[in-house]
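These are the residues of each chain, in order.
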Amino acid sequence: CEGYTKCKAPFRLIADPPTTKCKGTTKTSCNEATCCFKPTTCKGYVCLKTNSLKANASEIKCAGPEKKNCDETTCCFTPATCEGYTKCKAPLKLKADESTVQCKGADEQSCNDATCCFKQATCEGYTKC
């Protein structure tokens, strides 16, 4: 398949064209079935516990036709945490475990009060002294 250029989208040339043999002895014996593959997408890929699947996973093409051809770098991202979040508006306070609370995206802009802050309880109404 070396030099084969007729793979039509979404198909791609196989990873090792020089060693893949076509049916005949000439280049005209090569075809899509032999030299091309349809890549799988990241949809359904299971990221490591510390990472999250990218939002457009169903559009991201992996390096081969099976899920084992997908990887963390291609399909996943490491979410930002609330560590250093300074936008909690009174009476809200930053959560104590700020460094482990994950936001929805990869940067601090994806963090918000709903994720990073909590309303601190008061003693109002407490009667068990």
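Above this note sits the structure.
Residues numbered from 1 in each chain as written. Predicted model: local features only at pLDDT ≥ 70, side-chain atom pairs only at ≥ 80, totals over all residues. Heavy atoms only, no water.

A look at the overall build of the chain
This is how the line gets drawn: Helix numbering and strand numbering both begin at the N terminus, where a helix is a DSSP run of H or I of at least 4 residues and a strand a DSSP run of E of at least 2. The atom set for the radius of gyration is the C-alpha atoms, and the globule formula is 2.2 Å times the number of residues raised to the power 0.38. Exposure is judged per residue with a 1.4 Å probe applied to protein chains only, and the accessible area is read against the type maximum: over 50% gives exposed, under 20% gives buried, and values in between give partly exposed. The contact definition used throughout considers only heavy atoms, calling two residues in contact when any of these lie within 4.5 Å.
Counting its regular elements, the chain contains three helices and six strands. Overall, the chain shows an N-to-C arrangement of helices and strands of β-α-β-β-α-β-β-α-β. Relative to the globule expectation of 14 Å for 129 residues, the C-alpha radius of gyration of the chain, 25 Å, shows a markedly less compact shape. The principal-axis extents of the C-alpha atoms in the chain amount to approximately 90 × 25 × 20 Å. Out of the 129 residues belonging to the chain, those deemed buried represent 31%. Taking the contacts inside the chain whose residues are at least 6 apart along the sequence as the reference set, 53% of them involve residues at least 24 apart.

Describing the environment of Asn69
For Asn69, the location among the structural elements is in the loop between strand S3 (52-53) and helix H2 (72-75). Residue classification places Asn69 among the partly exposed residues on the basis of a relative accessible area of 24%. Separated by 59 residues in sequence, Asn69 and Lys128 have C-alpha atoms that sit 61 Å apart. Discounting chain neighbours no more than four positions away, the residues touching Asn69 are Cys62, Ala63 and Gly64.

Comments concerning the side chain of Asn51
Here is the rule: By the criterion applied in these results, polar contacts are pairs of N or O atoms within 3.5 Å in which, for protein atoms, one can donate a hydrogen and the other can accept it, and in which residues neighboring in sequence qualify only through two side-chain atoms.
Position of Asn51 relative to the elements: it lies in the loop between strand S2 (36-37) and S3. Under the relative-accessibility criterion, Asn51 is labelled buried at 17%. Within the local environment of Asn51, its side chain forms a polar contact with the side chain of Glu72, the two groups lying 2.8 Å apart. In this structure, Asn51 is in contact with Glu72, Cys76, Phe77, Thr78 and Pro79, ignoring residues within four places of it in sequence.

A closer look at unusual backbone geometry
Backbone phi values are negative for most residues with the exception of glycine, while trans is the configuration of most peptide bonds. Residues Ala9 and Pro10 are joined by a peptide bond in cis, for which omega reads 10°. Among the secondary structure elements, Pro10 is positioned in the segment before strand S1 (12-13).

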